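Reading the structure
So the chains spell out like this:
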Amino acid sequence: MIEAQKIFGPPGTGKTNYLITKLMNIIQKKKIHPKDVCYITFTNKGIDEVRERLGVLKKTEGYESFSTIHGLCNRYIKGESSKLVESSDFEYWAKSERGDVKKEYGEDFDNNFILNLYNLQRVSNTSLEQSFIKINGRNYKWKYVKYYVESWHKYKENNKLHDFTDQILFALKINQFQKYKAVFLDEAQDSSWCQWQVIDKLLEKDSVDYLYIAGDDDQAIFDWNGGEVNYFLNKYSNVCENVPLTESHRLSQEHIDFASLISETIKTRQQKKYVAKKEDKGYLQYTGSFMSIPVDNGESWTIMVTGSRIMNEMKNIMMRRRLWFKQTTAKGYVHYPVGSKILSALKCYFNLQKGKYVSKSELLIYRTLVKPKNFTPKQLEGLDKDQLYNGEQLEEMFGFDFSIDWKDHFANVSNPEWKKKFRYIKDCIENKVDIFTKKPAIKMSTIHGMKGGEDDNVVLVGNMEQPFYNKYTSNDSDEQDAIIRMFYVGSTRAKKTMYVYICSDLQYRFNFDRVFKQYNERKKVA
């Protein structure tokens with residue numbers, strides 16, 4: 001008889017730890033070889049964590065099926081004549097199309113509405129029009145969108161291209177999955193219809209003796225990417241024992257009590273209760289003034305927002321406070337307050353002032369921004385790309401004077417971004433803020449980008465973009481639940497301190513007034 005468990009793990013309760021303990025048990029005590037185990041999680045980072053815990057390298061023989069769902073399915077399409085689609089394919093298609101596809105629907109290959117819709121329709125097994133209605137927050141015209149989706153599909157077919165979803169669909173079609181004795185699925189609440197189909201196929205082989213599925217329906221926030229929480233809640237209910245994890249190693253009891261007031265309003269969910277493992281008290285504050293929050297360049301903070309509009313607003317607020325930070329989008333893109341070319345040019349000049357060596361490529365970026373008259377493109381071209389140069393050499397070769405203060409040296413730079421951000425750059429440098437670090441203490445992320453993450457100190461911005469607000473105030477309980485889950489996830493990232501900030505200049509907001517009112521009332525009763 002199959003041993004099957006569905007593990008419900010609220011934030012910080014150790015879903016992955018539970019799965020790894022079960023995994024090590026069946027390998028060591030049940031004597032099941034790793035090659036007979038299929039361990040699937042949502043991200044490469046999650047798989048890396050599992051391998052690290054087991055002490056195995058990425059290409060260790062026998063662990064090939066420890067993978068993301070795409071990695072598992074990719075092996076079956078490798079022998080085909082098609083190749084994986086790249087951003088350059090998208091660029092070529094967009095240029096060849098009528099109209100400006102990138103300007104209208106999104107510049108990035110991974111963040112273009114047409115491509116996202118095309119993917120959603122296939123992973124969800126719904127009609128294109130149904131998927132369009134679900135994610136059309138910007139009121140795009142259906143007839144144009146339909147045309148572009150069909151055009152992209154034809155382009156892929158004509159050029160023998162496949163994407164990550166095609167990998168799964170092709171693997172499902174040929175159904176040559178090996179027989180496994182144990183199947184693990186982590187972060188299952190974010191799996192789509194076609195990903196659950198893979199699990200179905202594995203179980204149909206009648207070889208699986210152990211099935212472990214872990215997730216948290218309250219944290220299912222990737223519905224826009226095909227994630228379907230009802231599959232997690234209902235799949236294999238006839239064979240799975242429900243296992244609730246009840247102790248959070250991350251959150252304080254104060255933060256759990258607060259977050260629970262949010263999750264309790266989700267209509268479609270598995271009821272659960274969990275408590276704090278640690279006794280430390282968590283700090284919680286509600287404010288309409290970002291200036292009152294003690295965010296500092298020397299202490300670890302994460303500011304969480306719902307999307308790009310709120311992120312841009314918070315970026316301006318933080319720059320006015322002369323904070324240096326890293327931005328991470330839901331798709332994983334990383335940005336800093338100042339562009340890389342300006343930072344590289346400044347760093348090059350400071351290094352030369354300190355007597356350090358720089359490369360020809362660094363000098364090229366510096367020259368492109370500053371354009372010194374005594375350092376022409378022809379002179380730059382004459383430098384050896386394999387040699388490093390210091391300030392003394394360049395002073396002798398081209399008559400530089402690196403003793404000049406950087407503000408004077410860069411005074412005539414005409415770059416628009418430089419002109420706009422000069423005062424910010426100047427103040428940061430004079431206040432000894434390290435603007436060259438790739439790992440600043442302060443991070444800004446979308447809530448989706450922070451999924452699975454944590455920080456000592458967190459600011460959750462309670463404002464949201466209009467498309468989210470439209471869902472939040474709609475009569476569709478599924479759409480309301482999606483927004484409530486998003487803010488629940490945001491409220492469960494802090495290990496020590498959490499501020500909930502509402503920007504009064506922004507129109508759309510989550511009802512944190514109600515949450516804090518209930519929280520304070522319950523504290524009085526307690």
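Each remark here, short or long, concerns the structure printed above.
It should be emphasised that the depicted structure is a prediction, and the values quoted were computed from it without experimental measurement. (Residues numbered from 1 in each chain as written. Predicted model: local features only at pLDDT ≥ 70, side-chain atom pairs only at ≥ 80, totals over all residues. Heavy atoms only, no water.)

Focus on the overall build of the protein
Helix and strand content of the protein: 22 helices and 17 strands. Over its C-alpha atoms the protein spans a radius of gyration of 26 Å, differing by no more than 12% from the 24 Å that the globule rule assigns to 526 residues. When the backbone C-alpha atoms are referred to their principal axes, the protein occupies close to 80 × 65 × 55 Å. Burial analysis of the protein (526 residues in total) assigns 52% to the buried set. Taking the intrachain contacts of the protein between residues at least 6 apart in sequence as the baseline, contacts between residues at least 24 apart amount to 78%. (Helix = DSSP H or I, 4+ residues; strand = E, 2+ residues; numbered from the N terminus. Rg over C-alpha atoms; globule rule 2.2 N^0.38 Å. Buried < 20%, exposed > 50% of the residue type's maximum accessible area, 1.4 Å probe, protein only. Contact = heavy atoms within 4.5 Å.)

Some remarks on the packing of aromatic side chains
Applying the stated criterion to the full structure yields 50 aromatic pairs. Measuring from ring centre to ring centre gives 6.2 Å for Phe 90 and Trp 93, while their planes differ by 35 degrees; the resulting arrangement is tilted. Residue Phe 90 and its partner Trp 93 are located together in helix H4 (residues 87-96), separated by 3 residues, close to a single helical turn. Judged by centre distance (5.2 Å) and plane angle (65 degrees), the ring pair of Trp 93 and Trp 152 falls under edge-to-face. Of the two residues, Trp 93 is situated in helix H4 and Trp 152 in helix H8 (residues 142-158); the sequence distance between them amounts to 59 residues. Owing to a relative accessible area of 1%, Trp 93 belongs among the buried residues under this scheme. Sitting over the face of the ring of Phe 232, Lys 6 holds its NZ or CZ atom 5.8 Å from the ring centroid. (Phe/Tyr/Trp six-rings, centres within 6.5 Å; stacked < 30°, edge-to-face > 60°. Lys NZ or Arg CZ within 6 Å of the ring centre and 35° of its normal.)

Observations concerning the sheet that holds strand S11 (residues 283-287)
Across the sheet, which stays open at both edges, the 7 strands sit in the order S11-S17-S16-S12-S15-S13-S14 with mixed pairing between neighbours. In this open sheet, the two strands that pair with only one neighbour each are S11 and strand S14 (334-335). Contacts between helix H13 (residues 308-320) and the sheet are confined to strand S12 (301-305), strand S13 (325-328), strand S15 (442-446), strand S16 (455-461) and strand S17 (494-501), with S15 contributing the most and set at about 165 degrees to the helix. (Pairing = 2+ DSSP bridges. Axes fitted to C-alpha atoms, helices over the stretch in contact; angles between N-to-C directions.)

Quick look at helix H15 (residues 360-370)
Where H15 is concerned, the buried positions are Lys 360, Leu 363, Tyr 366, Arg 367, Leu 369 and Val 370. Contacts made by the buried residues of H15 are with helix H14 (340-353), helix H16 (377-381), helix H17 (391-398) and helix H18 (406-409). Two residues or fewer after H15 comes Lys 371, characterised by a positive phi angle close to 55 degrees.

Observations regarding the sheet that holds strand S7 (residues 210-215)
Taking strand neighbours across the sheet as the criterion, the 6 strands line up as S3-S2-S6-S7-S1-S8 in an open arrangement whose pairing is parallel. Among the strands making up the open sheet, the edge pair consists of strand S3 (66-68) and strand S8 (241-244). Each adjacent strand pair in this sheet contributes to an overall mean axis angle of 15 degrees, direction not counted. Both strand S6 (residues 182-185) and S7 contribute to a ladder of 4 bridges, which runs parallel. If you follow Ala 182 over to S7, its bridge partner there is Tyr 210. Relative to S3, helix H3 (residues 69-77) is tilted by about 100 degrees, and along the sheet it contacts strand S2 (37-41) and S3.

Some thoughts on the nonpolar core
With 56 residues, the main nonpolar core has Phe 290, Ile 303, Met 314, Leu 363, Phe 410 and Ile 425 as its most contacted residues. Tallying contributions element by element places H14 first for this core, with 8 residues. If we ignore the near neighbours within four places in the chain, the residues touching Leu 363 are Cys 348, Leu 352, Val 358, Phe 375, Leu 380, Leu 383, Tyr 389 and Leu 394. Of all hydrophobic cores here, the second largest spans 35 residues; its members include Met 450, Ala 494, Val 500 and Val 515. (Core = buried A, V, L, I, M, F, W, Y, C linked by side-chain atoms within 4.5 Å.)

Brief notes about the packing of H14 against H15
With their axes 8 Å apart at the nearest point, H14 and H15 run at an angle of 110 degrees to one another. If you check the angle between H14 and H15, you find them roughly perpendicular. Once H14 is placed against H15, the crossing between them reads as left-handed. For the pair H14 and H15, the contacting residues are Lys 341, Ile 342, Ser 344, Ala 345, Cys 348, Tyr 349 and Leu 352 in the first and Glu 362, Leu 363, Ile 365, Tyr 366 and Leu 369 in the second. When its residues are assigned to classes, the contact of H14 with H15 shows 9 nonpolar, 1 polar and 2 charged. (Parallel < 35°, antiparallel > 145°, perpendicular 65-115°, else oblique. Left-handed = near helix turned anticlockwise from the far one by under 90°. Nonpolar A, V, L, I, M, F, W, Y, C, P; charged D, E, K, R; others polar.)

Details of unusual backbone geometry
A positive phi angle, close to 60 degrees, is found at Asp 206, a residue other than glycine. Within the secondary structure, Asp 206 is located in the loop between helix H10 (193-204) and S7. Residue Asp 206 is classed as exposed on the basis of its relative accessible area, which comes to 72%. You will see that Lys 432, though not glycine, has its phi angle at about 60 degrees, which is positive. Locating Lys 432 in the fold gives a position in the loop between helix H19 (416-430) and S15. Relative accessible area serves as the criterion here: at 77%, Lys 432 is assigned to the exposed category.

Looking at the layout of surface pockets
Reported here for the second largest pocket is a volume of approximately 1,600 Å³. Around the second largest pocket, the lining comprises 46 residues; the ones closest to its centre are Asn 111, Arg 138, Gly 307, Ser 308 and Phe 468. Among the secondary structure elements, those contributing two or more residues to the lining of the second largest pocket are helix H5 (101-105), helix H6 (113-124), helix H7 (128-135), H13 and helix H20 (466-472). The class makeup of the residues in the lining of the second largest pocket is 13 nonpolar, 20 polar and 13 charged. (1 Å grid on protein atoms, 1.4 Å probe; cavity = no way out; pocket = protein on both sides within 12 Å on 5 of 7 lines; lining within 4 Å. Points joined across faces, edges and corners; volume = space filled by probe spheres on them.)

Describing the environment of Leu 245
Note that Leu 245 resides in the loop between S8 and strand S9 (247-248). C-alpha of Leu 245 to C-alpha of Lys 15: the two residues are 230 residues apart in sequence and 7.6 Å apart in space.

Re empty space enclosed by the protein
Tallied over the full model, the rule gives 1 cavity of 30 Å³ or more. There is about 60 Å³ of room inside the largest cavity. Residue lining of the largest cavity: Ile 221, Asp 223, Trp 224, His 448, Phe 468, Lys 471, Ala 482, Ile 483 and Met 486, and that is the complete set. Looking at the lining of the largest cavity, the elements with two or more residues in it are H20 and helix H21 (477-490). Ranked by residue count, the leading element in the lining of the largest cavity is H21, at 3 residues. Here the residues of the lining of the largest cavity sort into 6 nonpolar, 1 polar and 2 charged.

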